[in-house]
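Architecture and fold: a report
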Amino acid sequence: MPGEPVDLSRHGGIRREALVVGEVRPIVHVGDPVLHHPCEPVTRFDEELRALVDDMFASMYAAEGVGLAANQIGVPLRVFVYDCPDADGQQHQGVVVNPVLELPEVGERRLDPGDEGCLSVPGQYAPLPRADHAAVRGLDAAGEPVTVEGTGLLARCLQHETDHLDGHLYIDRLPAKRRKQVLAAYQSAMAENSPL
Ligand SMILES: [Zn+2]
């Protein structure tokens, strides 16, 4: 979809609730401390972790997101889920526990200038250049090594979700003035009780 804004908070056509056994949990918004501190590494790969992952998928699909970090449902652990297309339109779905982000060297990095949004700053979007290729190494919900590599929106998603687990929102990467504008627009939309 060349020319269309890149949007991490909504992706038309994803309707996979039927596959999901988890419980939909409320998504916390910007300002909640859990979003603004680094999350703890996962050390136990047990039933509790699998239940968390199920709830994260359910919550992501209910909100029509393409990715969700655990702290977005209030759990300060290094886990994210994604169901997101790459630059070729191919859909990728999964979970990464304790992710470590790998980007191309600065000299080899190409930036995608697209817009970005976040379920925790609902209704708002802003242009944010991101590397157009990214990889994440980590573990799956069973503790087995996993690598996710992608282009396009998937590359943006991997960077956005890893940022969440480090306690950063995409708006923290915007120029200060732009960040203020996005927050003001979000707050006035919330005040009108019409968060879009
Ligand atoms: Zn987000």
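Conventions and cut-offs
- Residues numbered from 1 in each chain as written.
- Predicted model: local features only at pLDDT ≥ 70, side-chain atom pairs only at ≥ 80, totals over all residues.
- Helix = DSSP H or I, 4+ residues; strand = E, 2+ residues; numbered from the N terminus.
- Contact = placed C-beta atoms within 7 Å.
- Pairing = 2+ DSSP bridges.
- Axes fitted to C-alpha atoms, helices over the stretch in contact; angles between N-to-C directions.
- UniProt positions renumbered as here; feature names shortened; annotations may be inferred.
- Buried ≥ 20, exposed ≤ 12 C-beta atoms within 10 Å, placed from the backbone.

Another point: the environment of Val34. Within the secondary structure, Val34 is located in the segment before helix H1 (47-62). Note: C-alpha distance between Val34 and Ala70 (36 residues apart in sequence) is 9.7 Å. Among residues more than four places away in sequence, those in contact with Val34 are Val28, Asn71, Gly74 and Pro76.

In this section: the sheet that holds strand S8 (residues 133-139). Read from one edge of the open sheet, 5 strands run S1-S2-S3-S8-S9, paired in antiparallel fashion. Each of the sheet's edge strands pairs with one partner strand only, and the pair in question is strand S1 (67-69) and strand S9 (145-151). Within this sheet the neighbouring strands show an average axis-to-axis angle of 35°, counted without direction. Bridge count between strand S3 (residues 91-102) and S8: 4 bridges; the pairing is antiparallel. Paired with Leu101 across the bridge in S8 is Val136. Those strands touched by H1 are S1, strand S2 (79-85) and S3, and its axis lies near 40° from that of S2. Contacts from helix H2 (residues 152-165) reach S1, S2, S3, S8 and S9, with the element oriented near 165° to S2.

Turning next to the UniProt feature "binding site: Fe cation" (unreviewed entry) in the protein. Mapped onto this numbering, the UniProt entry annotates "binding site: Fe cation" (unreviewed entry) at Cys118, His160 and His164. Over a stretch of 47 residues, the named residues converge on one spot in the fold, their C-alpha atoms separated by at most 10.1 Å. Mapped onto the elements of the fold, His160 is located in helix H2. Residue classification places His160 among the buried residues on the basis of 28 C-beta atoms within 10 Å. Among the secondary structure elements, His164 is positioned in helix H2.

Turning next to unusual backbone geometry. Even without a glycine there, the phi angle at Glu64 is positive, about 60°. By the secondary structure assignment, Glu64 is in the loop between H1 and S1. A residue is classified by how many C-beta atoms lie within 10 Å of it, and Glu64, with 15 of them, is partly exposed. One non-glycine residue, Asn98, lies in the positive phi region at around 50°. When you line up the elements, Asn98 lands in strand S3.

Following the UniProt record, one finds the feature "active site" (unreviewed entry) at Glu161. Assignment of secondary structure puts Glu161 in helix H2. Look at Glu161 and you get buried, because 25 C-beta atoms sit within 10 Å. When residues no more than four places from it in sequence are discounted, the contact partners of Glu161 are Gly67, Ala69, Phe80 and Tyr82.

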